Amino acid sequence: MTTTVDDALEHGGEFHFFQKQMFLLLSLLSVAFTPIYVGIVFLGFTPDHRCRSPGVAELSLHCGWSPAEELNYTVPGPGPGGEASARQCRRYEVDWNQSTLSCADPLASLDTNRSRLPLGPCRDGWLYETPGSSIVTEFNLVCANSWMLDLFQSSVNVGFFIGSMSIGYIADRFGRKLCLLTTILINAASGVLMAISPTYTWMLIFRLIQGLVSKASWLIGFILITEFVGRSYRRTVGIFYQAAFTVGLLMLAGVAYALPHWRWLQFTVTLPNFCFLLYYWCIPESPRWLISQNKNAEAMRIFKHIAKKNGKSLPASLQRLRLEEETGKKLNPSFLDLVRTPQIRKHTLILMYNWFTSSVLYQGLIMHMGLAGDNIYLEFFYSALVEFPAAFMVILTIDRIGRRYPWAASNIVAGAACLASGFIPGDLQWLRIIVSCLGRMGITMAYEIVCLVNAELYPTFIRNLGVHVCSSMCDIGGIITPFLVYRLTNIWLELPLMVFAVVGLVAGGLVLLLPETKGKALPETIEEAENMQRPRKNKEKMIYLQVQKLDIPLN
């Protein structure tokens, strides 16, 4: 008797003790992925800073100045437009060791108008107002070198892009388990090496390597848990796997608060990855992959193990398993299939834009909070908490209301929140936090819904290709976002929010052009995908009329 994998899971248990155990173990991968995805907020924190001027510290000590007096007497004021870069990146060209300088107003003897005093670059480094350290303070990634912080975060997203593009082939070729353990080992080793990197260049290289393998291991964990559970549980398990990422956000805020020095923080968040190597003895290979490799006996052994763990037994009639995909003829998909026909082309372009939007707004809001927040630890924690109700709202709405309207509304809420945040006065910090949390909730919902809907809009033979191509825009967005946030804030602190608002509102409008997929079977052919927005009654009427015509007597 030939049985599908889903039929075997119905007998052996679709979501019982074994699947719950696997979900708990694999969800830890999602928790550990957080510091790599958004760790830039703490690793790359940029505190207030000013040029180091030889002789100023000695003069301040001699005159008994307070820190505020030292700043007032020795540091240039804001630039013409009020920008802080003048006082952070320029210093007075003054010899502070000369004896003619007075304590009351040391610069008065040189020129009564300070604006006429010559300014120069920070040749002797910077002084940072922080009790801890970050890659910014250690490698002086400020002023003319501030683009190097953008490059640091972009490099990890370049790694995500390359890794996620290649992981599908590698996992299909060598197996989920071997691929998972290999990426975990490389991720752990490169994370530790980054923590002890002596130079910026080495740190950048190891961060790129982490990007190459960390998202890959996260994706393999996602693939494994969805392949271990029954069909009816896959969507819910996928959403909660992403919710485990939110748990990682909360833990990261606490660990970063306790460890304000970036090397110790990087070392601490990397160490758990070595524990994941124990999964060699805890997690079996995916039986679906084994069947695809014609290793039926080994797959049956794992199914018996699953049934035993779940307190169930497999019927003796189960002798040969097959994948659902074996039914039907094989087709070779190509990228042209994603843009050849008008409706699928529209789906592809809108999905690519929405993946891009979700990444830009999600990462961008977190990065901007690190620049604009008064207490980044608390604000990071609060904004992470709203991701839990976002996940539950997705579960509650997508099967009751549908996909399209909650998805469009979440993008519009995120865009509107960004727009409103830019105009909230600084003294209404509580209101800013509430609006920011609404924006974060909106974009989190949009992110989770696009993951679900992407596969539902493509016919079977190009479904995996469609998901991979469209979701790759997520990493393209991540590459651009650091430059977008850190460069635009130099012009106006709230300018990135204005850009996010436009991007989010456009995404919400475009979603309304997509068909609703609630309650619809997945399209099997190009024709079915093209006709998704047309009511199926036409087809039913056509069949009925055909039957009626056949019933007409010939005489």
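Just so it is clear, the structure is predicted and the values come from calculations on it, not from any experiment. (Residues numbered from 1 in each chain as written. Predicted model: local features only at pLDDT ≥ 70, side-chain atom pairs only at ≥ 80, totals over all residues. Heavy atoms only, no water.)

### Examining the overall build of the protein
- Regarding its fold elements, the protein presents 25 helices and six strands.
- Oriented by its inertia axes, the alpha-carbon framework of the protein measures out at about 120 × 55 × 40 Å.
- Within the protein, buried positions represent 51% of all 555 residues.
- Within the protein, contacts between residues separated by at least 24 positions form 82% of all contacts whose residues are at least 6 apart in sequence. (Helix = DSSP H or I, 4+ residues; strand = E, 2+ residues; numbered from the N terminus. Buried < 20%, exposed > 50% of the residue type's maximum accessible area, 1.4 Å probe, protein only. Contact = heavy atoms within 4.5 Å.)

### Focus: the state of the cysteines
- Scanning the entire structure with this criterion turns up three disulfides.
- In this model cysteine 51 forms its disulfide with cysteine 122; the gap between the sulfur atoms is 1.7 Å. Measuring handedness by torsion sign, the sulfur bridge of cysteine 51 and cysteine 122 sits at about -40° and is left-handed. Of this pair, cysteine 51 sits in strand β2 (residues 49-51) while cysteine 122 sits in the loop between β4 (119-121) and β5 (126-128), and the two are 71 residues apart along the sequence. For the pair formed by cysteine 51 and cysteine 122, the shared burial category is buried. (Disulfide = S-S within 2.5 Å.)

### Focus on the nonpolar core
- With 129 residues, the main nonpolar core has Tyr37, Ile135, Tyr362, Phe380 and Trp407 as its most contacted residues.
- Sorting elements by how many residues they give to this core places helix α17 (residues 342-372) first, with 13 residues.
- Contact partners of phenylalanine 380, with chain neighbours within four places excluded, come to Val38, Val41, Phe42, Leu249, Leu252, Ala253, Ile366 and Met369.
- Ranked by size, the runner-up nonpolar core spans 11 residues in total, among them Val56, Cys63, Tyr73 and Trp96. (Core = buried A, V, L, I, M, F, W, Y, C linked by side-chain atoms within 4.5 Å.)

### Comments concerning the domain arrangement of the protein
- One can read the domain layout of the protein as domain 1 (1-47 + 140-325), domain 2 (50-129) and domain 3 (332-530).
- Centre-to-centre, using C-alpha coordinates, domain 1 lies 22 Å away from domain 3.
- Taken together, the contact between domain 1 and domain 3 spans 35 residues of the former and 37 residues of the latter.
- At the boundary of domain 1 and domain 3, one finds 12 residue pairs in polar contact (both at pLDDT 80 or more).
- Considering only residue class, the side of domain 1 that touches domain 3 consists of 24 nonpolar, eight polar and three charged. (Domains from an automatic or database assignment. Polar contact = N/O pair within 3.5 Å; in protein donor to acceptor, adjacent residues only side chain to side chain. Nonpolar A, V, L, I, M, F, W, Y, C, P; charged D, E, K, R; others polar.)

### Section: helix α20 (residues 404-421)
- Over its 18 residues, α20 extends 26 Å from the first C-alpha to the last, a length consistent with the 26 Å expected when each residue adds 1.5 Å.
- Burial in α20 covers these residues: Arg404, Pro406, Trp407, Ala408, Ser410, Asn411, Ala414, Gly415, Ala417, Cys418 and Ser421. (Expected span 1.5 Å × (residues − 1).)

### Looking at the packing of aromatic side chains
- Counted under the stated rule, the structure contains 27 aromatic pairs.
- Ring centres 5.7 Å apart and planes at 80° place the aromatic pair tyrosine 37 and phenylalanine 245 in the edge-to-face group. On the criterion of sequence distance, the pair formed by tyrosine 37 in helix α2 (residues 17-38) and phenylalanine 245 in helix α11 (residues 234-258) is long-range, its members being 208 residues apart.
- For tyrosine 37, a relative accessible area of 6% gives the class buried. (Phe/Tyr/Trp six-rings, centres within 6.5 Å; stacked < 30°, edge-to-face > 60°.)

### Section: the pattern of salt bridges
- Under the definition given, this model contains 15 salt bridges.
- Aspartate 399 is the partner of arginine 235 in a salt bridge, and the nearest nitrogen-oxygen pair spans 2.3 Å. Of this pair, arginine 235 sits in helix α11 while aspartate 399 is found in the loop between α19 (387-398) and α20, placing the two residues 164 residues apart along the sequence.
- Here arginine 235 falls in the partly exposed class, since its relative accessible area comes to 30%.
- Of the charged contacts in the structure, one is a salt bridge between arginine 403 and aspartate 399, with a shortest N-O distance of 3.3 Å.
- Aspartate 399 gets classed as partly exposed once you look at its relative accessible area, which sits at 40%.
- The network of salt bridges with shared partners includes Arg235, Asp399, Arg403 and Glu456. (Salt bridge = Lys/Arg side-chain N within 4 Å of Asp/Glu carboxyl O.)

### Focus on the packing of helix α8 (residues 147-174) against helix α9 (residues 176-195)
- Packing of α8 against α9 brings their axes to within 10 Å, and their N-to-C directions diverge by 160°. Comparing the axis directions of α8 and α9 gives the class roughly antiparallel. Taken as a pair, α8 and α9 cross one another with a handedness that is right-handed. Within the contact between the two elements, α8 uses Phe152, Ile167, Ile170, Ala171, Asp172 and Phe174 and α9 uses Arg176, Leu178, Cys179 and Met194.
- Within the contact of α8 with α9, the residues separate by chemical class into eight nonpolar, no polar and two charged. (Axes fitted to C-alpha atoms, helices over the stretch in contact; angles between N-to-C directions. Parallel < 35°, antiparallel > 145°, perpendicular 65-115°, else oblique. Left-handed = near helix turned anticlockwise from the far one by under 90°.)

### Looking at the side chain of histidine 368
- Among the secondary structure elements, histidine 368 is positioned in helix α17.
- You can call histidine 368 buried: its relative accessible area is 5%.
- One polar contact links the side chain of histidine 368 to the main-chain carbonyl oxygen of leucine 493, over a distance of 2.7 Å.
- Ignoring anything within four residues of it in the chain, the contact list for histidine 368 reads Val485, Thr489, Leu493, Glu494, Pro496 and Leu497.

### Things to note about helix α16 (residues 296-309)
- Look at α16: 20 Å from first C-alpha to last across 14 residues, which is about the 20 Å you get at 1.5 Å a residue.
- Within α16, the full set of buried residues consists of Ala299, Met300, Ile302, Phe303, Ile306 and Ala307. Angular distribution of buried residues about the axis of α16 spans 160°; they occupy a single face of the element. Away from the buried face of α16 by more than 90 degrees, exposed residues Ala297, Arg301, Lys304 and Lys308 are located.
- The first or second residue beyond α16 is glycine 311, which carries a positive phi of 70°. (Arc of directions from axis to C-beta.)

### Some thoughts on unusual backbone geometry
- The backbone phi angle of asparagine 140 is positive, close to 55°, even though this residue is not glycine.
- A residue is classified by how much of its surface remains accessible, and asparagine 140, at 23% relative accessible area, is partly exposed.
- Even without being glycine, cysteine 143 reaches a positive phi, approximately 55°.
- Along the chain, the position of cysteine 143 falls in the loop between α7 (135-139) and α8.

### Considering the packing of α9 against helix α12 (residues 262-270)
- Running from N to C, α9 and α12 point in directions that differ by 170°, and their axes come no closer than 8 Å. On the basis of their axis angle, the class for α9 and α12 is roughly antiparallel. Every pair of crossing elements has a handedness; the one defined by α9 and α12 is left-handed. Residues Asn187, Ala188, Gly191, Val192, Met194 and Ala195 of α9 pack against Trp262, Arg263, Gln266, Phe267 and Thr270 of α12.
- Looking at the contact of α9 with α12 residue by residue, the class counts come to six nonpolar, four polar and one charged.

### Brief notes about a nonpolar patch on the surface
- Taken together, the side chains of Leu371, Leu419, Phe423, Ile491, Trp492 and Leu493 make up a nonpolar region of the molecular surface, amounting to roughly 580 Å² of accessible area.
- Structurally, the position occupied by leucine 493 is in the loop between α22 (463-491) and α23 (495-511).
- What makes leucine 493 partly exposed here is its relative accessible area of 34%. (Patch = residues over 30% accessible without salt bridge, like charges linked within 9 Å, V, L, I, M, F, W, Y side chains within 5 Å. Areas by Shrake-Rupley, 256 points an atom, 1.4 Å probe, with all protein chains shown as cover.)

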